[in-house]
Amino acid sequence: MSLMVAAVALSAGCGTKPLASPALLTVWGESGDGQGALRQPTGIAVGEDGSVFVADAGNHRIQVFDANGGFVREIGSRGTGTGQFLRPMDLDLDSQGRLYVAEHGGDRVQVFARDGTFLRVVRGDDSVAGSFDAAAGVLISPDDELYVADFYNNRIVVFRPDGSFERIIGAPGRVLPRRLHYPTDLDWIAPSTYGGDDGRLLVADAYNNRIHLFPPDGKAVARWGGLFGLGIPGSAPGSFRVAIGVAVDASNRIYVADFENHRIQVFTDHGRHLSTFGSRGTRPGEFERPTDLAIGPDGRIFVVDFGNDRVQVFERLPDPLD
């Protein structure tokens, strides 16, 4: 395993044939609390029909937009009751279109029908070490397991489809493999890349400035982010200053929201750097601390521009065989 870790970490800095930066298509959102306005947005998910769900954290709600950024509806309001939020942070949709919301301030995951109807809460169970201290990221795996990035507990908590606790992945720490320091986001790599039937779990290990790759059992790991994946912050290609958001496209390329570097980086599924786009600023195509991103069904790249209170949409990157 140590050879695999070293190979993946080194490959992030080696590079391959670079990809051109994607063209900006559209920008929507403005600072505020009205319909369509945003305040410190953090998470995003895109449905199969192109509907866009945004975690409007500062306004303690979820906003739903059409594929072109037109306001459709909002879900929730500030509070601790069911269907209410304290800083919703991340979102995912399951195969039935149900919406899962990781609620940072409420230490829970709430589940909604596609129309916004509240369905249930997942909180974990202290008796089996499955409760959260700030639910930061949420993912529904292909077999309908629920993965939650448990921010202050520095771990990933896994639940069965019925909501019962199953297992823990990772442990607190900084340098060693399988150690996490404030994980924030999750995604899934298809199994065809690695063989077998299980796929791989991607974890944005935010304040370790790196990405982790786990099999579902959590017993082995590859990692990248700077030299040997040690998590040393930096601004060179393949290095991060808070790797806060992660997404995977149909070609298994990995996109990382590089928060304090104000950019998006793109990698192969084995950690080789392909492209970087964005820089700090307020103009279209620039970012102020991007927090999350999602790939739409047509390959468009949706980026949450946290500090500018907006969403920016970029064209899809060409497929490897294009």
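These figures come from a predicted structure and were not determined experimentally.

Thresholds, definitions, all that
- Residues numbered from 1 in each chain as written.
- Predicted model: local features only at pLDDT ≥ 70, side-chain atom pairs only at ≥ 80, totals over all residues.
- Heavy atoms only, no water.
- Pairing = 2+ DSSP bridges.
- Helix = DSSP H or I, 4+ residues; strand = E, 2+ residues; numbered from the N terminus.
- Axes fitted to C-alpha atoms, helices over the stretch in contact; angles between N-to-C directions.
- Salt bridge = Lys/Arg side-chain N within 4 Å of Asp/Glu carboxyl O.

Caption draft 1: Structural view of the sheet that holds strand β1 (residues 24–28). Taken in spatial order, the four strands make up an open sheet running β1-β26-β25-β24, and their pairing is antiparallel. The two strands at the open ends of the sheet, each matched to only one other strand, are β1 and β24 (290–295). Across the sheet, the mean angle from the axis of one strand to that of its neighbour is 20°, orientation sign disregarded. In this structure, β1 lies alongside strand β26 (residues 310–314), joined through four bridges in antiparallel fashion. Residue pairing across strands places Trp28 opposite Val311, the latter belonging to β26.

Caption draft 2: Representation of the pattern of salt bridges within the structure. Scanning the model with the defined rule gives 17 salt bridges in all. We note a salt bridge from Arg98 to Asp94, for which the minimum N-O separation is 2.7 Å. Note that Asp258 and Arg263 form a salt bridge whose closest N and O atoms lie 2.7 Å from each other. One salt-bridge network, held together by shared partners, links Glu260, Arg280, Glu288 and Arg289.

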